[in-house]
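Tertiary structure, described
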Amino acid sequence: MLDTLVVIGTDGLIYAAWLFLIALGLSLIYGVLRVLNIAHGSFYALGAYAAASLIGLYGQRDFWPYGVYLMIPLAALAVGVVVGPLVERGILRWMYPREPVYQLLATYALFLILEDLTKLIWGVDPIYAYAPYTLLGDVSIGDITYPWYSLLLIGTAVVVGILVSVFIRRTRTGRVIVAMIEDPEMSTALGINVPRMSVLAFSMGTVLAGLGGAMTAPMIAVMPGMGAEVIVLAFAVIVLGGLGSLEGAAVGALLIGFLRAATVHLFPVLELFVIYLVMALVLILRPRGLWGRAEVRRL
Amino acid sequence: MKPRWFWFSGLAFVGLGVMGFVLPRWTVFLLSLALARGLAALSVALLMRAGLVSFGQSLFFATGAYVAAFTVRLFGIREATVLLVGAVVVSMALAALAGLWIARYREIFFAMLSLAFTMILYGWLLKAYWITGGTDGLRIPPPTVLGVTWSVDALRTVLYEVTLACTAVALVLIHLFLESPLGYAVRAVRDNEVRLEYLGSSVWQVIYWTYILAAGLAGLGGVLTALNVGHVDPQLAYWTTAGEFVFITLLGGTESVLAPLIGAVVFEFLRTYALKYAPYTWQMALGGMMLLLIFFMPRGLWTLRHLRFRKALS
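Definitions and limits used
Residues numbered from 1 in each chain as written. Chains lettered and ligands numbered in written order. Predicted model: local features only at pLDDT ≥ 70, side-chain atom pairs only at ≥ 80, totals over all residues. Helix = DSSP H or I, 4+ residues; strand = E, 2+ residues; numbered from the N terminus. Rg over C-alpha atoms; globule rule 2.2 N^0.38 Å. Buried ≥ 20, exposed ≤ 12 C-beta atoms within 10 Å, placed from the backbone. Contact = placed C-beta atoms within 7 Å. Expected span 1.5 Å × (residues − 1). Axes fitted to C-alpha atoms, helices over the stretch in contact; angles between N-to-C directions. Parallel < 35°, antiparallel > 145°, perpendicular 65-115°, else oblique. Left-handed = near helix turned anticlockwise from the far one by under 90°. Nonpolar A, V, L, I, M, F, W, Y, C, P; charged D, E, K, R; others polar. pLDDT = per-residue confidence, 0-100.

1. Considerations on the overall build of chain B
Helix and strand counts for chain B come out as 14 helices and 2 strands. Relative to the compact-globule value of 20 Å for 314 residues, chain B shows a C-alpha radius of gyration of 19 Å, a close match. The C-alpha extent of chain B, read off along each of the three principal axes, is 50 × 50 × 40 Å. Residues classed as buried in chain B amount to 49% of the 314 residues present. Pairs at least 24 residues apart make up 81% of the contacts formed inside chain B by residues separated by at least 6 positions.

2. Here we look at the overall build of chain A
A count of helical and extended segments in chain A gives 12 helices and 2 strands. Secondary structure of chain A in N-to-C order comes out as α-α-α-α-α-β-β-α-α-α-α-α-α-α. For chain A, the C-alpha atoms occupy an extent of roughly 60 × 45 × 35 Å along the three principal directions. Expressed as a percentage of its 299 residues, the buried residues of chain A come to 49%. Long-range contacts, defined here as pairs at least 24 residues apart, represent 77% of the contacts in chain A between residues at least 6 apart.

3. Some details on helix 4 (residues 100–122) of chain A
All names here are of chain A. Under the 1.5 Å per step criterion, the end-to-end length of helix 4 is 33 Å for 23 residues, consistent within 8% with the ideal 33 Å. Helix 4 sits mainly inside the fold: 18 of its 23 residues count as buried. Two residues or fewer after helix 4 comes Gly123, characterised by a positive phi angle close to 80°.

4. Points about the packing of helix 4 of chain A against helix 13 (residues 282–296) of chain B
Helices that pack against each other are described as a pair by the angle of their axes relative to one another and the distance between those axes. Contact geometry for helix 4 of chain A and helix 13 of chain B: axes closest at 7 Å, N-to-C directions at 155°. What the angle tells us is that helix 4 of chain A and helix 13 of chain B run roughly antiparallel. Crossing of helix 4 of chain A against helix 13 of chain B: the hand is left-handed. On the side of helix 4 of chain A, the interface is formed by A:Tyr102, A:Leu105, A:Ala106, A:Ala109, A:Leu110, A:Leu112, A:Ile113, A:Glu115, A:Asp116 and A:Leu117, while helix 13 of chain B contributes B:Gln283, B:Met284, B:Leu286, B:Gly287, B:Gly288, B:Met290, B:Leu291 and B:Ile294.

5. Things to note about unusual backbone geometry
For A:Arg34, which is not a glycine, the phi torsion comes out positive at approximately 60°. Position of A:Arg34 among the secondary structure elements: in the loop between helix 1 (2–33) and helix 2 (40–60).

6. Points about the interface of chain A and chain B
Counting residues at the interface gives 34 residues for chain A, matched by 36 residues for chain B. Of all elements in the fold, only helix 4, helix 10 (226–241) and helix 12 (271–285) of chain A reach the threshold of two or more residues within the side of chain A that touches chain B. Here the element with the most residues in the side of chain A that touches chain B is helix 4 of chain A; it accounts for 16 residues. Residue composition of the side of chain A that touches chain B, grouped by class: 30 nonpolar, no polar and 4 charged.

7. Notes on the confidence of the model for chain B
All names here are of chain B. Mean pLDDT over chain B works out to 84, with 96% of the residues at or above the 70 mark. Looking at the elements of chain B, mean pLDDT is at its lowest for helix 14 (residues 305–313), recorded as 55, and at its highest for helix 10 (residues 203–229), recorded as 91. For residues 310–314, every residue scores under 50 in pLDDT, and the model assigns this stretch 0 contacts once sequence neighbours within four places are set aside. Note on the complex model: pTM 0.83, ipTM 0.78.

8. Details of helix 9 (residues 194–216) of chain A
Under the 1.5 Å per step criterion, the end-to-end length of helix 9 of chain A is 33 Å for 23 residues, consistent within 8% with the ideal 33 Å. Burial of helix 9 of chain A is extensive: 18 of the 23 residues sit out of reach of the surface.

9. Focus on the packing of helix 1 of chain A against helix 10 of chain A
Residue and element names in this part refer to chain A. Relative orientation of the contacting elements helix 1 and helix 10 amounts to 70°, with a least axis distance of 9 Å. Looking at the two axes, helix 1 sits roughly perpendicular to helix 10. Between helix 1 and helix 10 lies a crossing whose hand is right-handed. Here Leu19, Ile22, Ala23, Leu26, Ser27 and Tyr30 of helix 1 come into contact with helix 10, specifically with Val230, Leu233, Ala234, Val237 and Ile238. In the contact of helix 1 with helix 10, the residues fall into 10 nonpolar, 1 polar and no charged.

10. Considerations on the environment of A:Ser53
Along the chain, A:Ser53 turns up in helix 2. For the pair A:Ser53 and A:Ala217, spaced 164 residues apart in sequence, the C-alpha separation works out to 9.8 Å.

11. A few points about the environment of A:Thr173
Among the structural elements, A:Thr173 can be located in helix 7 (residues 172–182). When the C-alpha atoms of A:Thr173 and A:Leu200 are compared, they prove to be 9.6 Å apart, with 27 residues separating the residues in sequence.

This is the structure we're talking about:
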């Protein structure tokens, strides 16, 4: 019994860390731009593909083996820097003044486009990039063996979470972004370059999605369709925590992580079912999320 | 509806009915699927009139389809009319239940909750494989129509005519609904909820009834798809299926009950040819088209109906 609890605990934590990395960017984008970005799943997939390619390329040369880990943030950055500004400036900025319906539809269209773009670039066959995963070996916790890479994933999630929250709360740029959320007009009047901040926030979200994908790439077979699965999970996470809240993303990820680990080990039949059931329940009982602030309804 | 449109659509439907006997079998099959999808898109359009985007109409689409499959399995009833009625009734009953909660939400929250609901069904269909057949889904044996067992060849045409008849009836009903006081209230919800409340209408009730009606439509589309294909699988409930309905609605437009249907027919043929000639890029083409529509033709293909008249004037 105790063993099962330990397994559920660690599995849940690993899964939560993974979810958090992906959902954080989604929550950031929603928080700053008020756009629920369906294409976030595609950014994640792009990150995974880019990482798989870079890891493959790196492995072909006779470099220092541990340098392969640098490829992961590199892939994430590449995706964020290329795709982020392009999408924000090219498509999203035209959507801000329009109804939320169209924002949702535009990111859905983008999702469809990027799905096929990955197929065009990388083909439809699965790509494997196990090097970073196997290089570290395993670690024993009690009687159970875990790959070090999973712990690295947890560590990354914690560090990234702290970095993003320090950036938003402590740096000048971060505070400017918060001011912009509160009152875009007043911010413009005070000389804040709102469009530039929007690009910055969106690109940061894209980097985070890419990082989520890049960290995932060594653990799975990278193949088409991976974005569609992830995006609904990420939605569930940020809905649970509260749309646009950073702590909320952490709370949501932990809740879903443990919930999934528990159902997988205790009632495997309920696995997919439970996550969305909880999502629906939270939406029904507390639509602002477990961690969200209540918003005054504007008439 | 202006008389001109009434006669136009009447003629179009008679024409489509005749087509069932003339066109090659694969075209008839595609048209059946398109009409069934059109009904689901119409249900999205109905909600969109109230300003609500549902990313979960696949919930009722799949419900309709699986109700048919279960009815055949559990009760051995193979009569198409019974399956149709059963599927619509169950879909609407489910909506009456889900609507109790969902009718309170707008915008993103409505979209998210509808998505969560359909993913719950998807999760259950996928995992409870001893009941639902899991990823493989369930087979539906060829149904009888009006008590007659048709030959395989005839059944294709008969099912098409049934689909067409159901679509026509549904269109007339929805059109009448939209012209009724409640139908006007649906539009008012989108324009200004608060004023509607001040006028003494309950916005909650308007959305609740619209949601149930929309579910009936999606359920009808689902059961018609199931009967035509002869197979149901969990993909019917996945959120991308609901996304497709949203796409079709955007393609056609929401201004007329005919628009989503036209969107569906265009979509189905577009997809068939795109799959044939560009199997890896058809989603990209769809996405690109969707963006173009959002930017330049937000009211959908229905906008094009003005073209001819404007030309005649100039």
